[in-house]
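Overview (structure and organization)
Listed here are the chains, written in short residue letters.
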2 protein chains.
Amino acid sequence: MKQEGEMFVVSCRPPMAVASTRLSTRPPIYHSNLILRFLALVLSFISALSLAASSSKKNSPRPSSFADHSELLYCFVTSVLVFVYSAFQLFKGIYDVAQRGILISDKFSDYMSFILDQVAGYLLISSSSVAILAIQQIDKTESILKAVIISTTVSFVAFLVIVICTLFSGYKLCKRISW
Amino acid sequence: MKQEGEMFVVSCRPPMAVASTRLSTRPPIYHSNLILRFLALVLSFISALSLAASSSKKNSPRPSSFADHSELLYCFVTSVLVFVYSAFQLFKGIYDVAQRGILISDKFSDYMSFILDQVAGYLLISSSSVAILAIQQIDKTESILKAVIISTTVSFVAFLVIVICTLFSGYKLCKRISW
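Quick caveat, the model's predicted, so the values are computed rather than measured. (Residues numbered from 1 in each chain as written. Chains lettered and ligands numbered in written order. Predicted model: local features only at pLDDT ≥ 70, side-chain atom pairs only at ≥ 80, totals over all residues. Heavy atoms only, no water.)

1. Comments concerning the overall build of chain A
The secondary structure content of chain A amounts to five helices and two strands. In sequence order, chain A lays out its α and β elements as β-β-α-α-α-α-α. Within chain A, the fraction of its 179 residues that count as buried is 45%. (Helix = DSSP H or I, 4+ residues; strand = E, 2+ residues; numbered from the N terminus. Buried < 20%, exposed > 50% of the residue type's maximum accessible area, 1.4 Å probe, protein only.)

2. Examining the interface of chain A and chain B
Every contact between the two is made by 21 residues of chain A and, on the other side, 21 residues of chain B. Buried area between chain A and chain B, both sides added, is near 1,900 Å², and the carbon and sulfur share of it is 75%. Our enumeration of links across chain A and chain B arrives at zero salt bridges. Our enumeration of links across chain A and chain B arrives at three residue pairs in polar contact (both at pLDDT 80 or more). (Contact = heavy atoms within 4.5 Å. Buried area = accessible area lost by both parts, 1.4 Å probe. Salt bridge = Lys/Arg side-chain N within 4 Å of Asp/Glu carboxyl O. Polar contact = N/O pair within 3.5 Å; in protein donor to acceptor, adjacent residues only side chain to side chain.)

3. Looking at the packing of helix α5 (residues 145-176) of chain A against helix α5 (residues 145-176) of chain B
Put simply, α5(A) and α5(B) touch, their axes get as near as 10 Å, and they point 70° apart. The angle between the axes of α5(A) and α5(B) places the two elements in the roughly perpendicular class. Here the hand of the crossing between α5(A) and α5(B) comes out right-handed. Residues G170(A), Y171(A) and C174(A) of α5(A) pack against G170(B), Y171(B) and C174(B) of α5(B). Among the residues forming the contact of α5(A) with α5(B), the class breakdown is four nonpolar, two polar and no charged. (Axes fitted to C-alpha atoms, helices over the stretch in contact; angles between N-to-C directions. Parallel < 35°, antiparallel > 145°, perpendicular 65-115°, else oblique. Left-handed = near helix turned anticlockwise from the far one by under 90°. Nonpolar A, V, L, I, M, F, W, Y, C, P; charged D, E, K, R; others polar.)

4. A few points about the environment of A147(B)
Residue and element names in this part refer to chain B. Mapped onto the fold, A147 is located in helix α5. Distance in space between the C-alpha atoms of A147 and A52 is 8.8 Å, their sequence separation being 95 residues. Excluding anything up to four places from it in sequence, A147 contacts S50 and S54.

5. Focus: the UniProt feature "transmembrane region" (unreviewed entry) in chain A
All names here are of chain A. Taken from the UniProt record, the annotation "transmembrane region" (unreviewed entry) applies to residues 34-52, 72-91, 111-135 and 147-171. The span residues 111-135 shows a helical share of 100% and a strand share of 0%, and its end C-alpha atoms are spaced 36 Å apart. For residues 147-171, the helix share is 100%, the strand share is 0%, and the end-to-end C-alpha distance is 36 Å. (UniProt positions renumbered as here; feature names shortened; annotations may be inferred.)

6. Re the side chain of K92(B)
Residue and element names in this part refer to chain B. Along the chain, K92 turns up in helix α3 (residues 70-98). On the basis of relative accessibility, which here comes to 7%, the residue K92 falls in the buried class. The residues contacting K92, other than those within four sequence positions of it, are L103, I104 and S109.

7. Side note on the state of the cysteines
Considering all chains together, one arrives at zero disulfides over all chains under this definition. A disulfide-free cysteine, C174(A) has its sulfur positioned 3.3 Å from the sulfur of C174(B), the nearest such atom. Among the residues examined, C174(A) registers a relative accessible area of 18% and is labelled buried. With no disulfide of its own, C165(B) lies closest to C174(A) among cysteine sulfurs, the gap being 15 Å. (Disulfide = S-S within 2.5 Å.)

8. Some details on the relation of the copies chain A and chain B
Overlaying chain A with chain B gives an RMSD of 0.0 Å, the required rotation being 180° about an axis along which the chain moves by 0.0 Å. Taken together, the rotation angle and the small translation identify this as a two-fold axis. Minimal C-alpha distance to the rotation axis in chain A is attained by S126(A), lying at 2.4 Å. Both copies contact each other with a shared surface, as 100% of the interface residues of chain A are interface residues in chain B too. (Least-squares fit on C-alpha atoms with pLDDT ≥ 70 in both.)

9. Remarks on a nonpolar patch on the surface
All names here are of chain A. On the surface, a nonpolar cluster with roughly 510 Å² of combined accessible area is contributed by F38, V42, F45, I46, L49 and I150. The biggest single contributor to the nonpolar patch is helix α2 (residues 28-54), with five residues. Within the secondary structure, F45 is located in helix α2. (Patch = residues over 30% accessible without salt bridge, like charges linked within 9 Å, V, L, I, M, F, W, Y side chains within 5 Å. Areas by Shrake-Rupley, 256 points an atom, 1.4 Å probe, with all protein chains shown as cover.)

10. Quick notes on the confidence of the model for chain A
All names here are of chain A. In this model, chain A carries an average pLDDT of 80, and 77% of its residues clear a pLDDT of 70 or more. Low pLDDT, under 50, characterises residues 1-20; the predicted model gives this stretch eleven contacts beyond four residues in sequence or across chains. Overall fold confidence (pTM) sits at 0.79, and the ipTM for the predicted complex is 0.77. (pLDDT = per-residue confidence, 0-100.)

And the structure:
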């Protein structure tokens, strides 16, 4: 706010400009993280969807549901959990661009991201391993077979994405703590 | 080496004393790491041994070998790999007390430890998940059932130990690199 003669000139920037400035001043790791979160979101969604959609096919020779196999149910629940977690992380990342640290404090967020990334990674590799075993046991005539193969492959790729997210969040946490 | 009058007094410490001084000047994280490596070594040994020993029981009602089930073979191979890796890390840790960084340079060692710890952790959780599924499928009359349960439980505990090792090696690596 500047005083010019007897007039007050109030300088203000629109909120969009503030957001874009904040985005451009953030390190490249921040953008990579947002892209990876979005990738994890899409992959876990495809993994869960392929299992859910296959169960509704009633005109196949031998209709079957993923809920009949406990391993596939585990795989489905894991994918849904990772989807919800990725959606939250993506929302938080985009929200932080506008209003830094208001949603959750940065310190708590770093700890939480690191722990939950680790848990998500271990859950995904565990469910993928179990699903590979399920593929061997499912009868080749069952309609669900193709869906399980797609779901397992996509779930494994999501695991690799989450592993990279874990490295990023681990690095962020390490920079924060002074052990 | 001090000169006293016309005599030379050479002061020297025995190698053991040098080693103990090195050990005492190292941070507590170093000792914890050695203990964890030893724990992982013992646990992976028990996991592999319980599977191997069960296969040799010929006088049970239905003799069976873990090699008949591909999931248990995977579990056995993983335990052996983690055992070899833990033995190497323990050897390196003890060797470093005497002669720091001569076996492998500290920088390379930090990178290697972090990557291999991650791989070991993911392999252990994957094999444990698969083994849990195998337990459900093995006939209750088979002699191998008890051994598989012991092996899976111990393998899961080894996984938790390796996870803590991963945190330590990740922290060590983070301190080294200046991203």
